[in-house]
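# Fold and contact review
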Amino acid sequence: MKYFITYNDQAIGPMTEDQLFAYPVNPQTPVCTEENKQWAPLYTHPDLMARLNLINQTKAPSDYNTTGKDRVVAGILAILLGGFGAQYFYCGKIAGGIICLILSLITCGLWGFVTLIQGIIMLTMSQQDFEKKYVLNPSTFPVF
């Protein structure tokens, strides 16, 4: 079965159940299936709610890693290779990585201080906040 969800006021889909849970969904998240084409909260879908409950039982909310991108890896990349945009390439923000490279060239490497601070911020934020800010954010170049 294929699903659609509303995320950041946009309809996203069609997607599988696994893809749906890559987003930070909750029982109130609007969901629509290809079959009935009517929007309803996720809690009205018993199969989805069962999986959400299983996920909630196994992890603390701040430890969710729904995208496969780890904040620790991104933070270390930002600290060590931030001037090359490694953290952006890792998060799937290719244009952001290229912008970071250009900024490093233009500033003769001084941009590395900004990425050092960014790396420290990534390491201190929760996984859920990291994903919201750097991975799921539609912005091409999220800095802070």
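Residues numbered from 1 in each chain as written. Predicted model: local features only at pLDDT ≥ 70, side-chain atom pairs only at ≥ 80, totals over all residues. Heavy atoms only, no water.

## Let's talk about the overall build of the chain
- Helix and strand counts for the chain stand at seven helices and four strands.
- Order of helices (α) and strands (β) in the chain, N terminus to C terminus: β-β-α-β-β-α-α-α-α-α-α.
- In terms of overall dimensions, the chain has a C-alpha envelope of 55 × 30 × 20 Å along the principal axes.
- Taking all 144 residues of the chain together, 33% fall into the buried category.
- For the chain, the proportion of contacts with a sequence separation of at least 24, taken over those separated by at least 6, is 53%. (Helix = DSSP H or I, 4+ residues; strand = E, 2+ residues; numbered from the N terminus. Buried < 20%, exposed > 50% of the residue type's maximum accessible area, 1.4 Å probe, protein only. Contact = heavy atoms within 4.5 Å.)

## Some points on the pattern of salt bridges
- If you walk through the whole model with that rule in mind, you get two salt bridges.
- Put simply, Glu17 and Arg51 hold a salt bridge, and the shortest N to O gap is 3.4 Å. Linking Glu17 in helix 1 (residues 17-20) with Arg51 in helix 2 (residues 46-58), this pair joins segments that are 34 residues apart in sequence.
- For Glu17, a relative accessible area of 24% translates into the label partly exposed.
- Relative accessible area serves as the criterion here: at 26%, Arg51 is assigned to the partly exposed category.
- With a shortest N-O distance of 2.7 Å, Asp18 and Arg51 are connected by a salt bridge. Of this pair, Asp18 sits in helix 1 while Arg51 sits in helix 2, and the two are 33 residues apart along the sequence.
- Connected through salt bridges with shared partners, the residues Glu17, Asp18 and Arg51 form a single ionic network. (Salt bridge = Lys/Arg side-chain N within 4 Å of Asp/Glu carboxyl O.)

## Let's talk about the nonpolar core
- Ile5, Leu20, Val25, Val31, Leu42 and Leu48 are the most contacted members of the largest nonpolar core, which totals 14 residues.
- Put simply, the parts of the chain that give this core at least two residues each are strand 1 (3-7), strand 2 (10-15) and helix 2.
- Beyond its immediate stretch of four places on either side in the chain, Leu48 contacts Tyr3, Glu17, Leu20, Phe21, Val31 and Leu42. (Core = buried A, V, L, I, M, F, W, Y, C linked by side-chain atoms within 4.5 Å.)

## Re helix 3 (residues 71-81)
- Regarding helix 3, the residues found buried are Ala74, Gly75 and Ala78. Down the axis of helix 3, the smallest arc covering the buried residues is 100°, so these residues share one side.
- Where helix 3 is buried, its residues meet helix 4 (86-90), helix 6 (111-124) and helix 7 (127-135). (Arc of directions from axis to C-beta.)

## Considering the packing of helix 3 against helix 6
- Contact geometry of helix 3 with helix 6 gives a least axis separation of 7 Å together with a crossing angle of 165°. The pairing of helix 3 with helix 6 is recorded here as roughly antiparallel in orientation. Both helix 3 and helix 6 take part in a crossing whose hand is left-handed. The residues of helix 6 that touch helix 3, namely those facing Arg71, Val72, Ala74, Gly75, Ile76, Ala78 and Ile79, are Thr115, Leu116, Gly119, Ile120, Met122, Leu123 and Thr124.
- The residue inventory of the contact of helix 3 with helix 6, partitioned by class, reads nine nonpolar, four polar and one charged. (Axes fitted to C-alpha atoms, helices over the stretch in contact; angles between N-to-C directions. Parallel < 35°, antiparallel > 145°, perpendicular 65-115°, else oblique. Left-handed = near helix turned anticlockwise from the far one by under 90°. Nonpolar A, V, L, I, M, F, W, Y, C, P; charged D, E, K, R; others polar.)

## Some thoughts on unusual backbone geometry
- A cis amide bond links Gly13 with the next residue in sequence, Pro14, at an omega value of 5°.
- One non-glycine residue, Cys108, lies in the positive phi region at around 55°.
- For Cys108, the location among the structural elements is in the loop between helix 5 (94-106) and helix 6.
- Taking relative accessible area as the criterion, Cys108 reaches 73% and is therefore assigned exposed.

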